[in-house]
2 protein chains.
Amino acid sequence: MNNFEFHNPVRIVFGKGEIAKLKGLIPRDVKVMLTYGGGSIMKNGVYDQVKEALQGVDVIEFGGIEPNPHYETLMKAIDLVQKEKVGFLLSVGGGSVLDGTKFIAAGALWPGEDPWEILTGKTEFPLLKALPLGAVLTLPATGSEMNGNSVVTRVETQEKLAFGSPLVMPKFSILDPTVVFSLPDRQVANGVVDAFVHVMEQYLTYPVDAPIQDRFAESILITLIEEGPKVLANRNDYNAAANFMWAATMALNGLIGVGVPQDWSTHTIGHEITAFHGVDHARTLAVVLPGMMHIKRSNKKDKILQYGARVWNITEGTEDERIDQIIAATVKFFESVGIQTHLSDYDIDESFITKVKNRFLHRGMMGIGEQGDISPDQVAEILEHQL
Amino acid sequence: MNNFEFHNPVRIVFGKGEIAKLKGLIPRDVKVMLTYGGGSIMKNGVYDQVKEALQGVDVIEFGGIEPNPHYETLMKAIDLVQKEKVGFLLSVGGGSVLDGTKFIAAGALWPGEDPWEILTGKTEFPLLKALPLGAVLTLPATGSEMNGNSVVTRVETQEKLAFGSPLVMPKFSILDPTVVFSLPDRQVANGVVDAFVHVMEQYLTYPVDAPIQDRFAESILITLIEEGPKVLANRNDYNAAANFMWAATMALNGLIGVGVPQDWSTHTIGHEITAFHGVDHARTLAVVLPGMMHIKRSNKKDKILQYGARVWNITEGTEDERIDQIIAATVKFFESVGIQTHLSDYDIDESFITKVKNRFLHRGMMGIGEQGDISPDQVAEILEHQL
């Protein structure tokens, strides 16, 4: 096992009816800005529950944060925060609203010229301050509710970039699984696959003799495989919703990634599909991961075989045969929840692959992945495998 | 799954050589009291590493905290803390030193007449303040390094009582697995069994459809079963030591216990064996747990069978036959690491059982366990089964 630090002070408040606890968690001595997305919280009752709990609190609102939140939109929120002297941000929505809110939190106090620098890292300033924030989660998927990560898209330049800081970890996150009851199939499926691939990025690397981390990762994968279809089949199954929601949180709160190598190249490549073609984040991961497993079958062999044996019970055949079966099982799972795994399923052709390869070359990203050996040429191979 | 809150802000610093990081973690604006036990830290090099990292810090020391730390000793430390105006406590030792340090932290600022009230709960005061503390762990076992629990023994009255508060969670805990290299067999075995039973107390209850919690618990159990014997066989196996250490921390940091029923009656009963006969804590758990599984085989049936199937691969036979096999496998594991499971192994006879039963009756503890149905008579039955 590698050395590590783990520090996750996010307070999780989990269960049906728990949104009412917001009342005791929200600060009362500062102005609060409630951030939200396209308005689904008006229809599913969450907005009313939140407003009820916020009675007596000085609140302004900022809605309209998009999926893959836009830098352009978030800059308007930052203006409002500064003008209104907001002291606390409350994200009411899914991972995109929360990621956007984290960027607002850091951007509002950014000493540089343009908060975009927080994402590019091209700045003389370290990130030293952010407004405190809390979250009411309405969609299990990204794990953003229990980490300090944020991904933001700049429409103008078709770029999707990430930053991370303990400063933007939520002070609290309220997770009421009944929010799942009103989600469309598409969002449930996206959430299941997103969480699944978060685990894979921290697990499907090379062994370092870390059995707790491996088994916890496998526990989350098996739970998603079992509970995801239950949620899709019966949106009112509370336990299935709760288990799906907790699995998604545990998938990316840092715990399964301590002391082990991490990959994240499936995300890095997938972000380009969203940046150029606007495909849902989870769907891009479902496209890239099978290609990644195929092209990196040699480097990742030990962990692919362990994953196959423990998660899918695949133990027969040569190593290569097993790896093929394991990739097929993974693809079948993604497709069984309604998520396609080829670029053509999203009307994307070969010209996209050239654009991605050139962008990676241009950015000097000559080797990504846990071993730093996925070249722009291999990125192209991975995508070609999934055409 | 039941509703829950989870909030664990302890910073874990894990790995070989990490004690040096103490330098950046210790506060420099207050007087620090370093607490320790019987002096093993002088022999294994930990004391020297700690002192090196504390150069320039205003430090006083308090040694001699016993296994099952004594109220009488800790009261002397509280006097010293108050006299010297100590502002931060640094526990350098195992779970007993750390539990004792937590009591010192709370007791030093206790507004009542006697800090013993923190343990009995017979007081008008809530626990609202405690000195901040940090830990350098020298013995994987209790999980105290990542929780707010403490157990203290009062010699005078032969009582062993627990308290818990987020106020006494360590600000940081440094876990360097190389401390395991110099541990005697007895302490390794105690640590393995202690961590194992911590998991069982949160797992072996009744099902509430919480697959993440169940599988995480099973992951820790399997890891202890695999890694414990490796540590005993080769004390210099770094990865085995690291995995054992991380398993013990994960066993009792609250995570596997969220949203599920918890038992803790094995501990409640085991504490009496220590209180009356001074038997090592872990050994008392190894005595009580098999009796508990036997007597509560009907209430705990579903989880015993799940534990047997997933942890021990026991799937053949009638339910009762399987339960017998599962108890036998558990006993065999405890005994394989050198821990005996009968009262007679510790020279304890039937008269002890009467004393415990009377004490439970006297304290009004008419029903313990996750279902509140273990009467003083059943406590006696459990112990009689292990005579």
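Residues numbered from 1 in each chain as written. Chains lettered and ligands numbered in written order. Predicted model: local features only at pLDDT ≥ 70, side-chain atom pairs only at ≥ 80, totals over all residues. Heavy atoms only, no water.

Can you explain the overall build of chain A? Please cite residues and give values.
Broken down by element type, chain A carries 15 helices and eight strands. Relative to its length of 387 residues, chain A is compact, with a C-alpha radius of gyration of 20 Å against a globular reference of 21 Å. Once the C-alpha set of chain A is aligned to its principal axes, its extents read approximately 65 × 45 × 45 Å. Buried residues in chain A amount to 61% of all 387 residues. When contacts within chain A are restricted to residue pairs at least 6 apart in sequence, those whose partners lie at least 24 apart make up 78%. (Helix = DSSP H or I, 4+ residues; strand = E, 2+ residues; numbered from the N terminus. Rg over C-alpha atoms; globule rule 2.2 N^0.38 Å. Buried < 20%, exposed > 50% of the residue type's maximum accessible area, 1.4 Å probe, protein only. Contact = heavy atoms within 4.5 Å.)

Describe the relation of the copies chain A and chain B, naming the residues involved and giving the relevant values.
Least-squares fitting of chain A to chain B yields an RMSD of 0.0 Å, with the transformation described by 0.0 Å of translation along the axis and a rotation of 180°. Given the turn and translation reported, the copies of this chain are related as if by a two-fold rotation axis. Closest approach to the rotation axis among the C-alpha atoms of chain A is made by P9 of chain A, whose C-alpha sits 2.0 Å away. Counting the interface residues of chain A, we find that 100% of their copies in chain B are interface residues as well, pointing to one common contact surface. (Least-squares fit on C-alpha atoms with pLDDT ≥ 70 in both.)

Can you tell me about the domain arrangement of chain A, naming the residues and giving the values?
Residue and element names in this part refer to chain A. Under the domain assignment, chain A is made up of domain 1 (11-178) and domain 2 (185-385). Computed from C-alpha atoms alone, the centre-to-centre distance between domain 1 and domain 2 is 26 Å. Each partner contributes to the interface: domain 1 provides 24 residues, whereas domain 2 provides 23 residues. Sorting the residues of domain 1 by area buried against domain 2 places P140, Q158 and K160 first, and these three jointly supply 29% of that buried surface. One can count one salt bridge joining domain 1 with domain 2. R363 is paired through a salt bridge with E159; the nearest N and O atoms lie 3.9 Å apart. The interface formed by domain 1 and domain 2 includes five residue pairs in polar contact (both at pLDDT 80 or more). (Domains from an automatic or database assignment. Buried area = accessible area lost by both parts, 1.4 Å probe. Salt bridge = Lys/Arg side-chain N within 4 Å of Asp/Glu carboxyl O. Polar contact = N/O pair within 3.5 Å; in protein donor to acceptor, adjacent residues only side chain to side chain.)

Lay out unusual backbone geometry in plain terms, naming residues and giving numbers.
Where the residue is not glycine, phi is negative for most of them; where a peptide bond is considered, it is trans in most cases. All names here are of chain A. The phi angle at D209 is positive, at roughly 60°, despite the residue not being glycine. Of note, D209 is situated in the loop between α7 (185-203) and α8 (211-233). Accessibility expressed as a relative area gives 34% for D209, which makes it partly exposed.

Residues and numbers for the interface of chain A and chain B, please.
Contact with chain A, which involves 41 residues of that partner, is made by 41 residues of chain B. Between chain A and chain B we count six salt bridges in total. Here K21 of chain A makes a salt bridge to E5 of chain B, at a shortest N to O gap of 3.8 Å. For the interface between chain A and chain B, the tally reads 23 residue pairs in polar contact (both at pLDDT 80 or more). Elements that contribute at least two residues to the side of chain A that touches chain B include exactly β1 (4-14), α8 and α9 (238-251) of chain A. Taken together, the residues that form the side of chain A that touches chain B break down as 23 nonpolar, nine polar and nine charged. (Nonpolar A, V, L, I, M, F, W, Y, C, P; charged D, E, K, R; others polar.)

Any chance you could break down the UniProt feature "domain: Fe-containing alcohol dehydrogenase-like C-terminal" (unreviewed entry) in chain A for me, citing the residues and the numbers?
Those residues carrying the UniProt feature "domain: Fe-containing alcohol dehydrogenase-like C-terminal" (unreviewed entry) are residues 189-385 of chain A in this numbering. As a span, residues 189-385 of chain A carries 68% helix and 0% strand, and end to end its C-alpha atoms are 23 Å apart. (UniProt positions renumbered as here; feature names shortened; annotations may be inferred.)

Can you break down the environment of V81 of chain B residue by residue, with the values?
Residue and element names in this part refer to chain B. Of note, V81 is situated in helix α4 (residues 71-84). On the basis of relative accessible area, V81 is assigned to the buried category, the value being 3%. Residues V81 and L131, 50 residues apart in the sequence, show an inter-C-alpha distance of 9.8 Å. Beyond its immediate sequence surroundings of up to four residues, V81 is in contact with M33, V86, L89, I104, A108 and L131.

Lay out the UniProt feature "domain: Alcohol dehydrogenase iron-type/glycerol dehydrogenase GldA" (unreviewed entry) in chain A with the relevant residues and their values.
The UniProt feature table records "domain: Alcohol dehydrogenase iron-type/glycerol dehydrogenase GldA" (unreviewed entry) at residues 9-177 of chain A. The distance separating the terminal C-alpha atoms of residues 9-177 of chain A is 21 Å; by composition the span is 28% helix and 26% strand.

So, a negative patch on the surface: which residues are in play, and what are the values?
Together, D349, E350, E381 and E384 of chain A give the surface a local cluster of negative charge. Position of E381 of chain A among the secondary structure elements: in helix α15 (residues 376-385). (Patch = residues over 30% accessible without salt bridge, like charges linked within 9 Å, V, L, I, M, F, W, Y side chains within 5 Å. Areas by Shrake-Rupley, 256 points an atom, 1.4 Å probe, with all protein chains shown as cover. Lys, Arg positive; Asp, Glu negative; His and termini not counted. Charge placed at Lys NZ, Arg CZ, Asp CG, Glu CD.)

Describe in detail the packing of aromatic side chains, supporting the description with residues and values.
Across all of its chains, the model carries 31 aromatic pairs over all chains by this definition. Measuring from ring centre to ring centre gives 4.7 Å for F4 of chain A and F14 of chain B, while their planes differ by 10°; the resulting arrangement is stacked. A residue pair is termed interchain when its members come from two chains, as with F4 of chain A in strand β1 and F14 of chain B in strand β1 (residues 4-14). The burial state of F4 of chain A is the same as that of F14 of chain B; both residues are buried. Judged by centre distance (6.4 Å) and plane angle (70°), the ring pair of Y203 of chain B and Y307 of chain B falls under edge-to-face. Highlighted residues: Y203 of chain B in helix α7 (residues 185-203) and Y307 of chain B in helix α12 (residues 301-312), separated in sequence by 104 residues. Per residue, the accessibility class of Y203 of chain B equals that of Y307 of chain B, and both read buried. Members of the aromatic cluster, each reached through a chain of ring pairs, are Y71, F103, W116 and F163 of chain A. A cation over an aromatic ring shows up here: K303 of chain A above the ring of Y203 of chain A, its NZ or CZ 4.7 Å from the ring centre. (Phe/Tyr/Trp six-rings, centres within 6.5 Å; stacked < 30°, edge-to-face > 60°. Lys NZ or Arg CZ within 6 Å of the ring centre and 35° of its normal.)

Now, about the pattern of salt bridges: what can you tell me, with residues and values included?
Taken as a whole and judged by the stated rule, the model has 46 salt bridges over all chains. Across the pair K230 of chain A and E227 of chain A runs a salt bridge, and its minimum N-O distance is 3.1 Å. Within this pair, K230 of chain A and its partner E227 of chain A are both found in helix α8, separated by three residues, close to a single helical turn. The partly exposed category is assigned to K230 of chain A, whose relative accessible area is 35%. Residues D263 of chain B and K300 of chain B are paired through a salt bridge, measuring 2.7 Å at the closest nitrogen-oxygen approach. Highlighted residues: D263 of chain B in the loop between α9 (238-251) and α10 (265-277) and K300 of chain B in the loop between α11 (281-295) and α12, separated in sequence by 37 residues. Overall, D263 of chain B belongs to the buried group, its relative accessible area being 10%. Taking the relative accessible area as the measure of exposure, K300 of chain B reaches 2% and is therefore buried. Taken together, the shared-partner salt bridges in this structure form one network comprising E5 of chain A together with R11, E18 and K21 of chain B.

Quick rundown of the sheet that holds strand β5 (residues 133-137) of chain B? Include the residues and the values.
The strand order across the open sheet built from twelve strands is β3(A)-β2(A)-β4(A)-β5(A)-β8(A)-β1(A)-β1(B)-β8(B)-β5(B)-β4(B)-β2(B)-β3(B), with neighbouring strands paired in mixed fashion. In this open sheet, the two strands that pair with only one neighbour each are β3 (59-62) of chain A together with β3 (59-62) of chain B. Along the sheet, successive strands turn relative to each other by an average axial angle of 25°, direction set aside. By the bridge criterion, five bridges tie strand β2 (residues 31-35) of chain A to strand β4 (residues 86-93) of chain A in an arrangement that is parallel. By the bridge assignment for β4 of chain A, L34 of chain A is matched with L90 of chain A. Across the sheet, helix α5 (residues 95-107) of chain B lies against β2 (31-35), β4 (86-93) and β5 of chain B, angled at about 165° from β4 of chain B, the strand it touches most. The sheet contacts of α9 of chain B involve β1 of chain A together with β1, β5 and β8 (172-175) of chain B, and relative to β1 of chain B the element is tilted by about 150°. (Pairing = 2+ DSSP bridges. Axes fitted to C-alpha atoms, helices over the stretch in contact; angles between N-to-C directions.)

Residue-level account of the environment of G164 of chain B, with values.
Within the secondary structure, G164 of chain B is located in strand β7 (residues 159-164). Separated by 61 residues in the primary sequence, G164 of chain B and F103 of chain B place their C-alpha atoms 9.7 Å from one another.

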